[in-house]
Amino acid sequence: MRPKRKSPIWHPFTQHALHDVMTEIVRGDGAYLYARDGSRIIDAISSWWVVTHGHCHPRIVSAIQEQAGRLNQIIFAGYTHDPAEEVAAQLLKLTPDGLDHVFFSDSGSTSVEVALKMALGYWHNIGKHRSRIVVMEHSYHGDTIGAMSVGARSVFNAAYGPLLFDVTTIPFPAKGHEQAALDALDSICRKERPAAFIVEPLILGAGGMLMYPAWVLREMKQICERSDVLLIADEVMTGWGRTGTLFACEQANVTPDIACYSKGLTGGALPLAVTLCRAEIFHAHYSQDRTRTFFHSSSYTANPVACAAASANLDLWRHKNTRDQVALIAKLQEQELEPFRSDSRFANVRRTGTITALDLKTTDPGYLAGIGPKLGVFFKDRTLLLRPLGNTIYVMPPYCVTAADLAEIYSAISDAADAVYRSCIS
Ligand SMILES: *Cc1c(COP(=O)(O)O)cnc(C)c1O
């Protein structure tokens, strides 16, 4: 059947045969989006986890405007510029001690590809044959081939399976099963001598907002250290205050060997990513011998306009107000979540920092079973942007969201559960 469509655009993660009508957004302001039809939508998921201080933050917008008129693109091999230097210098001050070098790219997925290449380049250049990557069950690291390879195998990548490389998977450290996950990591690190372990610290995002405690991350770092395995922290989602601290690794007092940051790096205004690494990894590539070069680039590496936005974002993080605001949002989120903890319609009611998640008990919980999209439509009708992962509803707002906005979001969540239980939408 040939579809008749209004627009030639192929949208991400969208089954056009089921959902071909896109909501047209004309303006964003703080926690709100304004649709063509005039409705005001509360952005309860920060436009897919990227917008931290709100849409069109004036400081970030003016930094972009100013930079766009001065220098908007320059090759980054052999050239540099102030906004990139500024971002790199500020990042070293804010990230865990021991991360010394900054490589720019343009998305979370590319920052992960860079991390994997840095890890393998390190072992290759010091003359040791280590190439296996260890991953955590349910993890997600992006949609490019390498990033998919280190993510959970599922319906999302079944078609591309033949292209994906083999990895070793440890179990998710679910409550009460933490030690089993740690023992698995320890045994793999000793037996397989892997190159690196890549992990989303404290929260597995796309895997269903699964949360585990900081002490587990701390022990995973120690296990890696004992077996000389590089720890790659994918903070693409967990960075920029989401877990309550600027970066999730801070809570475990861990410095990873390689760290990936993106999403909120520009406050959510423009695409940009960085991969930071320890001195040893850079030094393994530092040589008079050109074959040891780190062979990676993308055309827009460290785009000056994106860097100016990131620089403005980093300025915001230097102010105490920003951190106070994160603490306030975490507190408000807990207050709103509290009644759901004893609500029998929900399971695994949880929060880490500013992110909350709860699983609606249903008979068809899978991502493709249809409850997620149905809930999405329910929330859309309530002019809320919430996009459940299967039966997991989560709230990850920009930090300018108000207490009244949150109250509205959670009352819609409760109403959605009512509707499901009355079978209106299931
Ligand atoms: C979103 C995400 C990515 C991929 O980032 P993109 O910018 O979408 O490529 C990688 N890792 C984690 C943990 C993410 O949440």
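Being a predicted model, the structure only gives us computed values, none of them experimental.

Caption draft 1: Spatial organisation of the sheet that holds strand S14 (residues 355–360). Spatially, three strands are ordered S13-S14-S16 in an open sheet, and the strand pairing comes out antiparallel. The sheet terminates laterally at strand S13 (346–352) and strand S16 (392–395), the two strands that pair on one side only. Along the sheet, successive strands turn relative to each other by an average axial angle of 15°, direction set aside. In this structure, S14 lies alongside S16, joined through four bridges in antiparallel fashion. Each residue of the ladder has a partner; that of Asp359, found in S16, is Thr392. Each of S13, S14 and S16 is contacted by helix H10 (residues 320–337), which is oriented at about 165° to S13, the strand it contacts most.

Caption draft 2: Expanded view of the site of the ligand. Every residue lining the ligand is accounted for by Trp49, Ser107, Gly108, Ser109, Tyr140, His141, Gly142, Glu200, Asp234, Val236, Met237 and Lys263. Between the ligand and Ser109, the relevant distance is 2.6 Å, taken from an oxygen atom to a side-chain nitrogen or oxygen of the residue. Here a nitrogen atom of the ligand sits 2.7 Å away from a polar atom, N or O, in the side chain of Asp234. Burial of the ligand by the surrounding chains reaches 83%, relative to a free accessible area of 380 Å². In terms of residue class, the shell around the ligand is built from four nonpolar, five polar and three charged.

Caption draft 3: Representation of the sheet that holds strand S5 (residues 133–136) within the structure. The sheet built from seven strands is open, its strands ordered S4-S12-S11-S10-S7-S5-S6 with mixed pairing. Whereas interior strands pair on both sides, the edge strands pair on one side only; in this sheet they are strand S4 (101–105) and strand S6 (168–170). For this sheet the average axis-to-axis angle between neighbouring strands, irrespective of direction, equals 20°. Here four bridges tie strand S7 (residues 196–199) to strand S10 (residues 230–234), and the two strands are oriented parallel to one another. By the bridge assignment for S10, Ile198 is matched with Ile232. Across the sheet, helix H4 (residues 108–125) lies against S4, S5, S7, S10, strand S11 (258–261) and strand S12 (273–277), angled at about 25° from S12, the strand it touches most.

Caption draft 4: Highlighting the pairing of S7. Of the two faces of S7, both are covered, the one formed by Ala196 and Ile198 as well as the one formed by Phe197 and Val199. Two elements, S5 and S7, share two bridges in a ladder whose sense is parallel. Looking at the pairing, Ile133 lines up with Ala196 of S7.

Caption draft 5: Expanded view of the side chain of Asn303. Inspection of the secondary structure assignment puts Asn303 in the loop between helix H8 (279–285) and helix H9 (304–318). With residues up to four places along the chain from it excluded, the contact list for Asn303 reads Asn72, Gln73 and His81.

Caption draft 6: Quick look at the domain arrangement of the protein. What the domain assignment lists for the protein is domain 1 (59–317) and domain 2 (320–425). Centre-to-centre, using C-alpha coordinates, domain 1 lies 28 Å away from domain 2. Taken residue by residue, the interface counts 19 residues in domain 1 and 18 residues in domain 2. For the pairing of domain 1 and domain 2, the buried interface totals around 1600 Å² over both sides, and the portion due to carbon and sulfur atoms is 66%. Summed over the shared surface of domain 1 and domain 2, the result is zero salt bridges. Applying the counting criterion to the domain 1 and domain 2 interface returns eight residue pairs in polar contact (both at pLDDT 80 or more). Secondary structure elements with two or more residues in the side of domain 1 that touches domain 2: strand S9 (210–211) and H9. The class makeup of the residues in the side of domain 1 that touches domain 2 is 13 nonpolar, five polar and one charged.

Caption draft 7: Inspection of the packing of H10 against helix H12 (residues 403–421) at higher detail. Viewed as axis vectors pointing N to C, H10 and H12 meet at an angle of 30°, and their least axial separation amounts to 10 Å. Viewed along their axes, H10 and H12 form a crossing whose handedness is right-handed. Here H10 contributes Leu332, Gln333, Glu336 and Leu337 to the contact with H12, which in turn contributes Ala403, Leu406, Ala407 and Tyr410. Looking at the contact of H10 with H12 residue by residue, the class counts come to six nonpolar, one polar and one charged.

Caption draft 8: Here's a closer look at the packing of aromatic side chains. Per the counting criterion, the structure on display carries 15 aromatic pairs. Judged by centre distance (6.0 Å) and plane angle (80°), the ring pair of Phe172 and Tyr212 falls under edge-to-face. With a gap of 40 residues between them, Phe172 in the loop between S6 and helix H6 (178–192) and Tyr212 in the loop between S9 and helix H7 (214–226) connect regions that are remote in the sequence. Ring centres 5.7 Å apart and planes at 85° place the aromatic pair Phe378 and Phe379 in the edge-to-face group.

Calculation notes
Residues numbered from 1 in each chain as written. Predicted model: local features only at pLDDT ≥ 70, side-chain atom pairs only at ≥ 80, totals over all residues. Heavy atoms only, no water. Pairing = 2+ DSSP bridges. Helix = DSSP H or I, 4+ residues; strand = E, 2+ residues; numbered from the N terminus. Axes fitted to C-alpha atoms, helices over the stretch in contact; angles between N-to-C directions. Contact = heavy atoms within 4.5 Å. Near = heavy atom within 4 Å. Polar contact = N/O pair within 3.5 Å; in protein donor to acceptor, adjacent residues only side chain to side chain. Areas by Shrake-Rupley, 256 points an atom, 1.4 Å probe, with all protein chains shown as cover. Nonpolar A, V, L, I, M, F, W, Y, C, P; charged D, E, K, R; others polar. Buried < 20%, exposed > 50% of the residue type's maximum accessible area, 1.4 Å probe, protein only. Domains from an automatic or database assignment. Buried area = accessible area lost by both parts, 1.4 Å probe. Salt bridge = Lys/Arg side-chain N within 4 Å of Asp/Glu carboxyl O. Left-handed = near helix turned anticlockwise from the far one by under 90°. Phe/Tyr/Trp six-rings, centres within 6.5 Å; stacked < 30°, edge-to-face > 60°.

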